[in-house]
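Residues per chain, in single letters:
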Amino acid sequence: MDMKEKLEQMKAEALEQIHAENADLEQIKIRYLGKKGELTAVLRGMGALSNEERPKIGQLANEIRANIEAAIAKKAQEIQSKALDLKLRSERLDVTMPAKPLPAGHLHPLTQVQRQLEEIFIGMGFSIVEGPEVELDYYNFQALNIPKDHPARDTQDTFYITDNILLRSQTSPVQVRTMEHRKPPIRIISPGRVYRSDALDSTHSPLFHQLEGLVVDEGITMGDLKGTLEVFAKKMFGESTRIRFRPHHFPFTEPSAEVDVSCFVCGGSGCRLCKGEGWIEILGAGMVHPFVLSNCDIDPEKYSGFAFGLGIERIAMASLGIDDIRLFYENDQRFLSQF
Ligand code: DAH
């Protein structure tokens, strides 16, 4: 075989390899065009050629080198664009596809009930005020006619930070704070957390929520208290709801009462919810004690007022049919998602 044939055959071989399915271009390049490659070897043998043949073969060898290089470059291009094509196809996304729905949360049942209570009282012209949870003994007890040695402190034992600073055991101190810097007419509610050093069981929690109400103006009577609470009870528990006042004692109201609503499950005939009573106790109330008014520089000869305080958990448990207060604080989705 002469040199020309050899070169042509090598070229054919190289091109065939380049065009093969899984061509290893780097390998092919080294094999034919590398320093120790086949083409180089052929060129090295050119010394044996005649003067006439040498330039022809030289030219042919250069052409073949160029052919192989071009074929490799072209194939590399093809491989690259095929890969890109594949990548693009696999990453294609449909921007018109609807998104997966995210599960939406909702307000905690206690917050729902609190908002419901707030809305009812706002509808009757009350505004909302807030007070501190870390409170002075003075506001939580003394200004409410509960001095240091008063037996009412036993039922409201709370957590003390110092002798005179405590976690409030009721929302009633907000009455005093409000009357200290606002003068009548006053018509406010104050919802919030309160604390007592009670052990946790199905009806007690060391942290719970109350909503306080206070109305002070000239000529406010027990009739206003009854009317207000009756409207509230009907809006909260249904139009056929009746209310009942039972005499009671609170140091900061005189007279004082505990207030029941007719059972909204049985209507008063007695059932499991009202424990056969026909009535459910929902709050404490009364006419603001003259001592409390005087403490806040409001003249009890000129002004009178009523106040009430209810437990938000108690109302929520009754109206939502929940029998264990602990469920409110455990954050168990199986419970919360029911409301
Ligand atoms: N603060 C009382 C308690 O926690 C509830 C209460 C009773 C509030 C009578 C009042 C009221 O405003 O007039 O037991």
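For the structure itself, consult the block above.
Rules used in this analysis
- The numbering scheme is per chain: residues are counted from 1 as the chain's sequence reads.
- Reporting in this predicted model follows two pLDDT cut-offs: at least 70 for local features of residues, and 80 or more for side-chain atom pairs to be given and counted; totals over whole chains, interfaces and linings ignore these cut-offs and use all residues.
- Hydrogens are left out, water is left out, and the side-chain values use all remaining heavy atoms of the structure.
- Counting from the N terminus, the helices are the DSSP runs of H or I reaching at least four residues and the strands are the DSSP runs of E reaching at least two.
- Between the two quantities, the radius of gyration covers C-alpha atoms and the globule rule is 2.2 Å times the number of residues to the power 0.38.
- Throughout, a contact is declared for two residues whenever any of their heavy atoms are within 4.5 Å.
- Surface exposure here means Shrake-Rupley accessible area, sampled with a 1.4 Å probe, where a residue is shielded only by the protein chains that are shown.
- Two residue types count as positive, namely Lys and Arg, and two as negative, namely Asp and Glu; His and chain ends fall outside the count.
- Working definition for charges: the position is that of NZ of Lys, CZ of Arg, CG of Asp or CD of Glu.
- Axes, fitted as lines to C-alpha atoms, cover a helix only where it is in contact. Angles between the N-to-C directions of the axes lie from 0 to 180 degrees.
- Angles are sorted into four bins: roughly parallel if under 35 degrees, roughly antiparallel if over 145, roughly perpendicular if 65 to 115, and oblique for all others.
- Each residue gets one label: Ala, Val, Leu, Ile, Met, Phe, Trp, Tyr, Cys and Pro are nonpolar, Asp, Glu, Lys and Arg are charged, and the others, such as Gly, are polar.

## Digging into the overall build of the protein chain
- Of the regular secondary structure elements, the protein chain holds 12 helices and nine strands.
- Relative to the compact-globule value of 20 Å for 339 residues, the protein chain shows a C-alpha radius of gyration of 45 Å, a clear excess of over 25%.
- Viewed in the frame of its principal axes, the protein chain has a C-alpha envelope of about 140 × 50 × 35 Å.
- Sequence separation of at least 24 residues holds for 65% of the intrachain contacts in the protein chain that already meet a minimum separation of 6.
- Looking at the protein chain as shown, the accessible area adds up to about 19600 Å², and 52% of this sits on carbon and sulfur atoms.
- Looking at the protein chain, you have 40 positive and 49 negative side-chain charges, and the mean spots of the two groups are 9 Å apart.

## Quick word on the side chain of Ser262
- When you line up the elements, Ser262 lands in strand β7 (residues 253–262).
- For Ser262, the residues in contact, after removing those within four places along its chain, are Ser240, Thr241, Arg242, Gly278 and Trp279.

## Quick notes on the packing of helix α1 (residues 3–19) against helix α2 (residues 25–33)
- Where α1 meets α2, the axes come as close as 10 Å, and the angle between the chain directions of the two elements is 170°. Classified by the interaxial angle, the pair formed by α1 and α2 is roughly antiparallel. Between α1 and α2, the contacting residues are Met10, Glu13, Ala14, Gln17 and Ile18 on the first element and Leu25, Ile28, Arg31 and Tyr32 on the second.
- Looking at the contact of α1 with α2 residue by residue, the class counts come to six nonpolar, one polar and two charged.

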